[in-house]
Amino acid sequence: MPNSQDMTTALDPGLLDALQHQVAVFARRAEQTRLGGTGQLRNSMDRAAYLLLNRLDQEGPMGVKALAAGMGIDSSTVTRQVAPLVDTGLVKRTSHPEDGRAVVLQLSPRGLARLEEVRSSRRQLMVEVTEGWTPDERESFCSLLTRFNTALSARQSAHAGHVPAEPAGGAAPESGVTA
């Protein structure tokens, strides 16, 4: 079986250079715009908050460890990122129904409303950015980007020595490339 180095030399180096360059440009553009959407909501929610709220919406209430594992990040990072969401009322901390000592994080009604505002704004941004694309092109791009993020996450997890988290709702775990 060929190793990674053999495969790299067998592929077109110019294409690989172009790909890595486009990924770098995408990462910079995503950070510059934060893919924040359009109108007044542009740049109104950072990536970490969006990903946390989105996961809680898709998967329901859960503990910090489960949330961290699902996102492929450390529990201390989730704790730090959730604190301002709790302070602003977007996330509620409640007692676990079966173990009152354990804390469960839950999207609040205010958090859900805010998440829906941001999603709507970001959907509009996607409409504008992909104007002129066919539905098939949008679907292909989304499929390939999901595949890329999943592979990137699996690689990071393998180097960290643990199994990658399952994507929620078709989204890859936080990989540092998605916004």
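Residues numbered from 1 in each chain as written. Predicted model: local features only at pLDDT ≥ 70, side-chain atom pairs only at ≥ 80, totals over all residues. Heavy atoms only, no water.

Visitor: Give a detailed account of the overall build of the chain, specifying residues and quantitative values.
Guide: Each helix and strand counted, the chain has seven helices and two strands in total. Reading the chain from its N terminus to its C terminus gives the helix and strand order α-α-α-α-α-β-β-α-α. Across the chain, the fraction of contacts at a sequence separation of at least 24, relative to all contacts at a separation of at least 6, is 53%. On the chain, roughly 11400 Å² of surface is accessible, and the fraction owed to carbon and sulfur atoms is 56%. (Helix = DSSP H or I, 4+ residues; strand = E, 2+ residues; numbered from the N terminus. Contact = heavy atoms within 4.5 Å. Areas by Shrake-Rupley, 256 points an atom, 1.4 Å probe, with all protein chains shown as cover.)

Visitor: I'd like a description of helix H7 (residues 135–160), backed by residues and values.
Guide: Between the first and last C-alpha of H7 there are 37 Å, a value that for 26 residues agrees with the 38 Å anticipated at 1.5 Å per step. All of the buried residues in H7 are Asn149, Ser153 and Ser157. (Expected span 1.5 Å × (residues − 1). Buried < 20%, exposed > 50% of the residue type's maximum accessible area, 1.4 Å probe, protein only.)

Visitor: Quick one: what's the story with the nonpolar core, residue by residue and with numbers?
Guide: Ranked by internal contacts, the top residues of the largest apolar core, which has 20 residues, are Leu52, Leu53, Leu56, Leu67, Val82, Leu85 and Val91. When contributions to this core are tallied by element, the ones reaching two or more residues are helix H3 (47–59), helix H4 (64–71), helix H5 (75–87), strand S2 (103–107) and helix H6 (109–129). Discounting residues that sit within four places of it in the chain, Val91 has contacts with Leu53, Leu56, Val82, Leu85, Val86, Leu105, Gln106 and Ser108. (Core = buried A, V, L, I, M, F, W, Y, C linked by side-chain atoms within 4.5 Å.)

Visitor: Could you give an account of the packing of aromatic side chains, naming the residues involved and the relevant values?
Guide: This structure, assessed with the given rule, holds one aromatic pair. The ring centre of Tyr50 lies 4.0 Å from the NZ or CZ of Arg122, which sits over that ring. (Phe/Tyr/Trp six-rings, centres within 6.5 Å; stacked < 30°, edge-to-face > 60°. Lys NZ or Arg CZ within 6 Å of the ring centre and 35° of its normal.)

Visitor: I'd like to hear about the packing of H3 against H5, residue by residue, with values.
Guide: Where H3 meets H5, the closest approach of the two axes is 10 Å, and the angle between their N-to-C directions is 90°. Compared by their axis directions, H3 and H5 come out roughly perpendicular. Packed against H3, whose contacting residues are Ala48, Ala49, Leu52 and Leu53, the element H5 presents Val78, Gln81, Val82 and Leu85 at the interface. Residues of the contact of H3 with H5, tallied by class, amount to seven nonpolar, one polar and no charged. (Axes fitted to C-alpha atoms, helices over the stretch in contact; angles between N-to-C directions. Parallel < 35°, antiparallel > 145°, perpendicular 65-115°, else oblique. Nonpolar A, V, L, I, M, F, W, Y, C, P; charged D, E, K, R; others polar.)

Visitor: So what's going on with the pattern of salt bridges? Residues and values would help.
Guide: The full count for this structure, using the stated rule, is four salt bridges. A salt bridge links Arg119 to Glu116, with the shortest nitrogen-to-oxygen separation between them at 2.7 Å. Here Arg119 and its partner Glu116 are both found in helix H6, three residues apart, which amounts to about one turn of the helix. Classification of Arg119 by relative accessible area gives buried; the value is 13%. Among the charged side chains, a salt-bridge network with shared partners connects Asp57, Glu116 and Arg119. (Salt bridge = Lys/Arg side-chain N within 4 Å of Asp/Glu carboxyl O.)

Visitor: Could you give an account of the side chain of Asn54, with specific residues and numbers?
Guide: If you trace the backbone, Asn54 turns up in helix H3. Residue Asn54 is classed as buried on the basis of its relative accessible area of 11%. In contact with Asn54, other than residues within four places in its own chain, are Leu115 and Arg119.

Visitor: I'd like to hear about H6, residue by residue, with values.
Guide: Spacing of three or four residues puts side chains on the same side of an α-helix, whose turn is 3.6 residues. In this model, H6 (21 residues) spans 30 Å end to end at C-alpha, consistent with the 30 Å of a helix rising 1.5 Å per residue. Every buried residue belonging to H6 is among Gly111, Arg114, Leu115, Val118, Arg119, Ser121, Arg122 and Leu125, and all of these are buried. Structurally, H6 contributes buried residues whose contacts are with H3 and S2.

Structural measurements only, silent on function.
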